[in-house]
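# Chains, contacts and geometry: an overview
Here are the chains, one letter per residue:
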Amino acid sequence: MSLTLMRFAVEQINNSTNLLPNVSLGYDIFDHCSDTQSFPGILKLISVNNGIQPWGENPKNLSKMIAVVGPFTSTDTFTVTPLLMMNFFPVVSYGAASSAFSKKAKFPSFLRTVHSNKKPIEVIVNIVLYFKWRWVAFLNNDNDYGNDGLELFIKRIVDTEICMAYNKGLNDKTNYSQMFHQIEAQKIQVIIVFTTKLTAEALIKSAMQLNITDKVWIALDTWSLNKKLPKMKEIKNIGTVLGVSQPVVPIPGFNDFIYSSKSQPHCENTEQSMLCSQVCNCSGLSPEDVVSIDPTFSFPVYSAVYAVAHALHKVLQCGVAKCNGNITVYPHMVLAELKKSNFTLLNRSIQFDENGDPTSGIFPLEIAVTRTNHSIKTCTTGFPAFTFTFVLINCLVQVPISVCSPECPTGYVRKQDGIHKCCFSCIICPNRTYINSTEDPYSCISCKDTEWSAEGSTSCNQRLVEFIPFTDSGAILIMLGAGALVGLTLAVSVLFAVNYNTPVVRSAGGPMCFLILGCLSLCSISVFFYFGQPSVSSCVLRFLPFFLFYTVCLACFVVRSFQIVCIFKIAAKFPKLHSWWMKYHGQWLVITAAFTTQALILVIGYSSGPPKPYNETVWYPREIILSCDIDLIATSGSVILLSSLCSLCFIFSYMGKDLPKNYNEAKSITFCLLLLILTWIIFATEYMLYRGKYIHTINALAVLSSLYSFLLWYFFPKCYIIIFQPHKNTQQYFQDLIQNYTKTISQ
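Here is what the cut-offs are and how they apply
- Residues numbered from 1 in each chain as written.
- Predicted model: local features only at pLDDT ≥ 70, side-chain atom pairs only at ≥ 80, totals over all residues.
- Heavy atoms only, no water.
- Helix = DSSP H or I, 4+ residues; strand = E, 2+ residues; numbered from the N terminus.
- Buried < 20%, exposed > 50% of the residue type's maximum accessible area, 1.4 Å probe, protein only.
- Contact = heavy atoms within 4.5 Å.
- Areas by Shrake-Rupley, 256 points an atom, 1.4 Å probe, with all protein chains shown as cover.
- Pairing = 2+ DSSP bridges.
- Axes fitted to C-alpha atoms, helices over the stretch in contact; angles between N-to-C directions.
- UniProt positions renumbered as here; feature names shortened; annotations may be inferred.
- Phe/Tyr/Trp six-rings, centres within 6.5 Å; stacked < 30°, edge-to-face > 60°.
- Disulfide = S-S within 2.5 Å.
- Parallel < 35°, antiparallel > 145°, perpendicular 65-115°, else oblique.
- Left-handed = near helix turned anticlockwise from the far one by under 90°.
- Nonpolar A, V, L, I, M, F, W, Y, C, P; charged D, E, K, R; others polar.
- Salt bridge = Lys/Arg side-chain N within 4 Å of Asp/Glu carboxyl O.
- Expected span 1.5 Å × (residues − 1).
- Polar contact = N/O pair within 3.5 Å; in protein donor to acceptor, adjacent residues only side chain to side chain.
- Core = buried A, V, L, I, M, F, W, Y, C linked by side-chain atoms within 4.5 Å.

### Points about the overall build of the chain
When helices and strands are tallied, the chain shows 23 helices and 21 strands. Expressed as a percentage of the 747 residues in the chain, the buried residues total 48%. Considering only intrachain contacts with a sequence separation of at least 6, the fraction spanning at least 24 residues in the chain is 67%. Of the roughly 36,300 Å² of accessible surface on the chain, a fraction of 59% belongs to carbon and sulfur atoms.

### Structural notes on the sheet that holds strand β19 (residues 464–466)
Strand order in the open sheet formed by 3 strands is β19-β21-β20, with mixed pairing between adjacent strands. Whereas interior strands pair on both sides, the edge strands pair on one side only; in this sheet they are β19 and β20 (612–616). The average angle at which neighbouring strand axes cross in this sheet is 30 degrees, direction not considered. Examined bridge by bridge, β20 and strand β21 (residues 623–629) share 5 bridges and lie antiparallel to one another. By the bridge assignment for β21, K612 is matched with D629.

### Describing the UniProt feature "transmembrane region" (unreviewed entry) in the chain
Cross-referencing UniProt, the feature "transmembrane region" (unreviewed entry) maps to residues 475–500, 512–531, 543–568, 588–607, 632–656, 668–688 and 694–716 in the present numbering. Between the first and last C-alpha atoms of residues 475–500 the distance is 36 Å; the span itself is 92% helix and 0% strand. Across residues 512–531, helical content stands at 60% and strand content at 0%; the span's end C-alpha atoms are separated by 32 Å.

### With respect to the sheet that holds strand β3 (residues 110–112)
With parallel pairing, 3 strands are arranged side by side in an open sheet as β1-β2-β3. At either margin of the open sheet sits one strand with a lone partner, and together these are β1 (68–69) and β3. Two elements, strand β2 (residues 91–93) and β3, share 3 bridges in a ladder whose sense is parallel. Along β3, the bridge assignment pairs V91 with F110.

### What about the packing of aromatic side chains?
Applying the stated criterion across every chain, the model contains 33 aromatic pairs. Where F131 meets W133, the ring centres are 4.9 Å apart and the plane angle is 25 degrees; that geometry is what we call stacked. The same class applies to F131 and to W133, which are both buried. Judged by centre distance (6.1 Å) and plane angle (70 degrees), the ring pair of F180 and W217 falls under edge-to-face.

### Quick look at the state of the cysteines
Applying the stated criterion to the full structure yields 7 disulfides. Through a disulfide, C408 is tied to C426; the S-S separation comes to 2.0 Å. Measuring handedness by torsion sign, the sulfur bridge of C408 and C426 sits at about -90 degrees and is left-handed. Of this pair, C408 sits in the loop between α13 (389–395) and β13 (412–416) while C426 is found in strand β14 (residues 424–428), placing the two residues 18 residues apart along the sequence. The exposure class assigned to C408 is buried, which follows from its relative accessible area of 16%. On the accessibility criterion, C426 (32% relative accessible area) is partly exposed. Sulfur-sulfur distance for the disulfide between C539 and C628 comes to 2.0 Å.

### Examining the packing of helix α6 (residues 176–185) against helix α7 (residues 197–209)
How two helices sit against one another is set out by the angle between their axes and by the gap between those axes. The N-to-C vectors of α6 and α7 enclose an angle of 70 degrees; their axes lie 10 Å apart at closest approach. In terms of axis orientation, α6 runs roughly perpendicular to α7. For the pair α6 and α7, the crossing hand works out as right-handed. Where α6 approaches α7, its residues Y176, M179 and F180 are matched on the opposing element by T199, A202, L203, S206 and A207. In terms of residue class, the contact of α6 with α7 is made up of 6 nonpolar, 2 polar and no charged.

### Some remarks on the environment of V618
Relative to the assigned elements, V618 resides in the loop between β20 and β21. Spatially, the C-alpha atoms of V618 and R691 are 9.3 Å apart, while their sequence positions differ by 73 residues.

### A closer look at the packing of helix α1 (residues 2–14) against helix α11 (residues 298–315)
Orientation of α1 relative to α11, taken along the N-to-C sense of each, is 35 degrees, at an axis distance of 9 Å. Crossing geometry of α1 relative to α11 is assigned as right-handed. On the side of α1, the interface is formed by S2, L5, M6, F8, A9, V10, Q12 and I13, while α11 contributes S298, V301, Y302, V305, Y306 and A309. Taken together, the residues of the contact of α1 with α11 sort by class into 11 nonpolar, 3 polar and no charged.

### Some details on the pattern of salt bridges
In the structure shown here, the tally under the stated rule is 9 salt bridges. For the salt bridge of D357 with R112, the shortest nitrogen-to-oxygen distance reads 2.7 Å. Note that D357 is positioned in the loop between β10 (348–351) and β11 (366–370) and R112 in strand β3, a separation of 245 residues in sequence. For the pair D357 and R112, a shared accessibility class is recorded, and that class is buried. E161 is the salt-bridge partner of R414, the closest N and O atoms lying 3.9 Å from each other.

### Quick look at unusual backbone geometry
The step from G70 to P71 runs through a cis peptide bond, and the omega angle for that step is -5 degrees. In this fold, P71 is placed in the loop between β1 and α3 (74–85). Phi is positive for N22, which is not a glycine, with a value near 55 degrees. Here N22 is to be found in the loop between α1 and α2 (35–46).

### Here's the deal with helix α20 (residues 632–655)
Under the 1.5 Å per step criterion, the end-to-end length of α20 is 33 Å for 24 residues, consistent within 8% with the ideal 34 Å. Listed as buried for α20 are A634, T635, S638, L641, L642, L645, C646, C649, F652 and S653. Here α20 starts with a cap whose side-chain oxygen sits 3.1 Å from the backbone nitrogen of I633, and that cap is D631.

### Quick notes on the nonpolar core
F496, F531, Y550, L554 and F715 are the most contacted members of the largest nonpolar core, which has 67 residues in total. Elements with a minimum of two residues in this core: α14 (473–498), α15 (503–508), α16 (511–523), α17 (536–573), α19 (586–608), α20, α21 (665–689) and α22 (695–724). Counting residues per element, this core draws most heavily on α17, at 17 residues.

Right, dumping it as structure tokens:
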């Protein structure tokens, strides 16, 4: 049919008075029936007197050939085109779709009137993506055309969710039974057939014989409008065929030309056979047979001939009535004009891009849907816009599913199984993560520290920021307790000052009592900074006053416990030690040393790692607990010093537990220390089990309890004696107790 159409186009041009007036095109037509038999014909076309003139030498002996229309297939074109490139003979193919011909470094004089394989591959991929077919087979001819399509398809699906589950290069020796068995075993429902018409017919016939049903077959323009297959009875079972094709453009007058050509007598001798298809009908085909041939490539053939004619029109400087006969036409001149082609043929614009390919506006593609009622429905779509979405929905009766693994439920992430990304298992995203399937269906994304998410979430939620405000009822009670502590210490100080020279005050420590009471008041400052939103300064003041001044309190009680033991037990055995202690005011040296040491530790520790605001996000996934972060190394020295003083105090006070009952400060100190230790054990246990916002209230309560333990159980009993039992607050009463204790010891 292609040869007949070429003859028809040439005769139209020769009979035209506008395109090439007073110029007649001549042509040689031969069948490119095999790679080995094609060379004699091509060599004959480009040679003169059995010789080929190289490019750049005397052009007088060049061949009269100015352009070649064809060949049809990519493999045939690869065979003969290199011979034509050396002298820049224009080659205008109407069927070679391999993308390799777009490379002008190898094929500088090649042009074509059919789209490159890139365009149908792009359409196919978009169709597959739209219908969410992820698991497809790709069948191609095992030749240049098919392998090029396969390579383009593989490159195109790299960044998509499409997986090529199966691929097979088809040839005459293909075992279709084994091939379809493998396709069925992998549950592939969509098969892309990138083959020639003959291979496609053999494939579909085999599918019908093997009872392959309910598939989607995606066909290329080489066989998408095949009129033979839809007429077969078994075609209704194989499924739906979607064909990507350039639209058929009817050629006016061509059918009449066919009938007139077929009415010519058959060739009767050798001389006529050499001019077969030009002067006689040497074919056994009837006009009806020719007309019924797939017309997909009719317009590409027709436009290829006209493209050469229009280029020659420009080279010969043709006008309305005639062309310039004095111009010698060379192939490279025709090539230059071919590249600049811009004319309209049958309402179609004919142009070539810089690669010699037809521009995107030349052939809008069509989707041909072969339905089970033996009919072909054609749905036109523009390229490259791919406006086929709604068209295909109307054409398809039912959209099948073709996936290796079903889509994961919402909130589940894919875990790839094997080499194919389309085969996966589904794993739910854990707490504090979410999945964004559109961006990355294979990873659970961690939420920010300020966000939370439940298991299987697709987004994160903002966490609730929690801290104890000053208006909290618990905070108000504790701050009132701290204020009351300051008031009570002031009252006790006044009471002790008024009764300063009494035995009770002196036995309690005398001037040391005022230091202890003052430090207890200063320690209470820390309580107020456990509430409100933490800041750097509030975090520092939350710990510094308590560590510093509570050290002084404990140092005072250490000294006081030591003095009690020293006076009643050590003085008699070690008089010199007692004398040295009294002479150099050892108690004040110890207190000063403890205060100085703690101050240095705090300065050094807070300089290297001061307490700072910290967001607790681990314990409660939906909340952010505003807290203060303590550097354990920086604060370890202060804690060790406090623990050491507490231990010494407890040892000394316990040693004096059997001293006189009424004025036994050692027992009071021991009881206070037991309360202190118990308070912080309870807090440490609570801190290990609970990290909510109220842990700060508990911490402030522990601090306040530590202060009240000494105020209530050390100073209040003495206040009670001063106020309500003044008879016990006399020198005589105190001396009697000492004498009775001494007699008891001596006995």
